[in-house]
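Observations on the model geometry
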Amino acid sequence: MGHHIAVLPGDGIGPEVTEQALRLLEEVSRLGQFTLEATEGLIGGRAIDETGDPFPPASDELVHRTEATLLGAVGGPKWAQGPATPEQGLLRLRASLGLFANIRPFEVLPGLEAVTPLKRPFAGGVIIRELLGGLYYGEPRGRLEREAFDTSRYTTSEIERVARLGFELAKSEGVPLISIDKANVLQTSKLWRDTVTRLGQAEYPTVRLEHRYVDAAAMEMVIAPERFKVVVTENLFGDILSDLTGGLVGSLGVLGSATVSQWSQGRGLYEPIHGSAPDIAGKGIANPIGALWSCALMLEWSLAKPEAGAFVKDAIRRTVAEGICTPDIGGSAGTAEVADAVIRHLHILAGASR
Ligand code: NAD
Ligand code: IPM
Ligand code: MN
């Protein structure tokens, strides 16, 4: 069966990492003997330059007629002050797809122990970040001359649907679910905590549920990350804490994500968690692993190819273990060189499984 995906490269290092991600996906499709059609669309600053709109209708239409979307990254100093910003394009893309659960796994890749701040082995975990609510989308919002305001809003059903995915994952892994909020201060967090607690009691009595305040959780994630196997949290806290996990595993550049709306096959949005990295854009040294890992998640979640997804992850681990790394994780390889090595390992793994 053939597959059709959308690719939105975006700005800065976005096009550099998505180019390599596409090469990898094409290789996977050759090895797996299925056809993969990838159609490119505009988003972000490049879309503003070419159409005046950071998420033009053609891109919206494209992501709705494909099974999965691969996004690079958006943004950059050129567009930071404009009336329309690249980041608005990304938020509109997410809202249009209606995908609310942003799954951000983190693990220390073999060989990177020395570049992480951790002094002992740790397996990693998953942050499930609510992606369509909270401060990112609440109205009213505005900026006056000497005053600005945003609104954080959550409904019980928005909290329940993402918490349910958290409980499902914690249950299947046999670990506690850690829910992170700021319920000592924020009304939305009080609702969050009550709703998650009620859902746990009603539907997941066997899953251990632990609550944390976000400030203390940030500290604890640094000193005892092994306690955070499955985390569920609201949009802004998930954004911040997932970058923290980038620090824990050695670089933001190695983390990918999947955004879905159900614990089974379906349309998904796949993006590395990093941004457009204007400081290194155009140098050919961006770490492509976050984008490649996102491809593995796409194979698992949207393209019904879990075995291929597992091969891609293993090929990435072997590449890093061999020392073929970009400078952010202590190596001297370029973006394409890392992808070449991942593709080479993929062939070895696929050959061995035949
Ligand atoms: P950033 O993630 O772009 O960069 C932070 C730091 O991490 C930089 O030093 C960068 O060089 C490094 N880094 C990030 N990805 C890397 C990679 N793949 N390989 C090697 N090093 C990497 O965050 P920022 O600098 O705060 O933001 C830059 C722009 O990106 C802003 O416009 C921001 O809004 C945007 N942004 C977009 C997304 C997205 O599109 N999903 C995510 C985050 C930030
Ligand atoms: C991310 C980014 C985005 C977010 C921005 C660019 C809108 O930081 O994907 O983590 O905050 O969600
Ligand atoms: Mn972020």
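Residues numbered from 1 in each chain as written. Chains lettered and ligands numbered in written order. Predicted model: local features only at pLDDT ≥ 70, side-chain atom pairs only at ≥ 80, totals over all residues. Heavy atoms only, no water.

1. Here's the deal with the sheet that holds strand β11 (residues 258-260)
With respect to topology, 10 strands assemble into an open sheet ordered β2-β1-β3-β12-β11-β4-β5-β10-β8-β9, the strand pairing being mixed. Lying at the two open borders of the sheet, with one neighbouring strand each, are β2 (36-40) and β9 (209-213). For this sheet, the mean inter-axis angle between neighbouring strands, taken without regard to orientation, is 25 degrees. Both strand β5 (residues 125-130) and strand β10 (residues 230-233) contribute to a ladder of 4 bridges, which runs parallel. The residue bridging Arg129 from the neighbouring strand is Thr233, located in β10. Strands in contact with helix α1 (residues 14-32) are β1 (3-10), β2 and β3 (68-73); relative to β1, the strand with the most contacts, it is inclined by about 160 degrees. In the packing of helix α7 (residues 214-223) onto the sheet, the strands contacted are β5, β8 (177-181) and β9, and the crossing angle to β9 comes to about 105 degrees. (Pairing = 2+ DSSP bridges. Helix = DSSP H or I, 4+ residues; strand = E, 2+ residues; numbered from the N terminus. Axes fitted to C-alpha atoms, helices over the stretch in contact; angles between N-to-C directions. Contact = heavy atoms within 4.5 Å.)

2. A word on the domain arrangement of the protein chain
Taken domain by domain, the protein chain comprises domain 1 (1-100 + 276-354) and domain 2 (117-249). Here the C-alpha centroids of domain 1 and domain 2 sit 26 Å apart. Domain 1 puts 6 residues into the contact, and the matching count from domain 2 is 8 residues. For the pair domain 1 and domain 2, the summed buried area comes to about 740 Å², and 69% of that belongs to carbon and sulfur atoms. There are 0 salt bridges connecting domain 1 and domain 2. In this structure, the connection of domain 1 to domain 2 is made through 2 residue pairs in polar contact (both at pLDDT 80 or more). Here the side of domain 1 that touches domain 2 is built from residues that sort into 4 nonpolar, 1 polar and 1 charged. (Domains from an automatic or database assignment. Buried area = accessible area lost by both parts, 1.4 Å probe. Salt bridge = Lys/Arg side-chain N within 4 Å of Asp/Glu carboxyl O. Polar contact = N/O pair within 3.5 Å; in protein donor to acceptor, adjacent residues only side chain to side chain. Nonpolar A, V, L, I, M, F, W, Y, C, P; charged D, E, K, R; others polar.)

3. A word on the site of ligand 1
Near ligand 1 lie 21 residues; those nearest to it are Val74, Glu87, Gly275, Ala277 and Asp279. Residue Ala277 places a main-chain N or O atom 2.8 Å away from an oxygen atom belonging to ligand 1. Asp279 places a polar side-chain atom, nitrogen or oxygen, 2.8 Å from an oxygen atom of ligand 1. When ligand 1 is considered free in solution it has 800 Å² of accessible area, and contact with the protein chains removes 69% of it. For the shell around ligand 1, a count of residues per class yields 10 nonpolar, 7 polar and 4 charged. (Near = heavy atom within 4 Å. Areas by Shrake-Rupley, 256 points an atom, 1.4 Å probe, with all protein chains shown as cover.)

4. Regarding the environment of Gly82
Mapping Gly82 onto the fold places it in the loop between β3 and α4 (86-97). Here Gly82 falls in the partly exposed class, since its relative accessible area comes to 31%. (Buried < 20%, exposed > 50% of the residue type's maximum accessible area, 1.4 Å probe, protein only.)

5. Some thoughts on the site of ligand 2
The environment of ligand 2 is made up of Glu87, Leu91, Arg94, Arg104, Arg129, Tyr136, Asp239 and Ile273. Arg104 is positioned with one of its side-chain polar atoms (N or O) 3.1 Å from an oxygen atom of ligand 2. For ligand 2, the accessible surface in isolation is 320 Å², of which the surrounding protein chains cover 79%. A per-element tally of the shell around ligand 2 places α4 first, with 3 residues. Taken together, the residues of the shell around ligand 2 break down into 3 nonpolar, no polar and 5 charged. When residues of the shell around ligand 2 are assigned to domains, at least three fall in each of domain 1 (1-100 + 276-354) and domain 2 (117-249).

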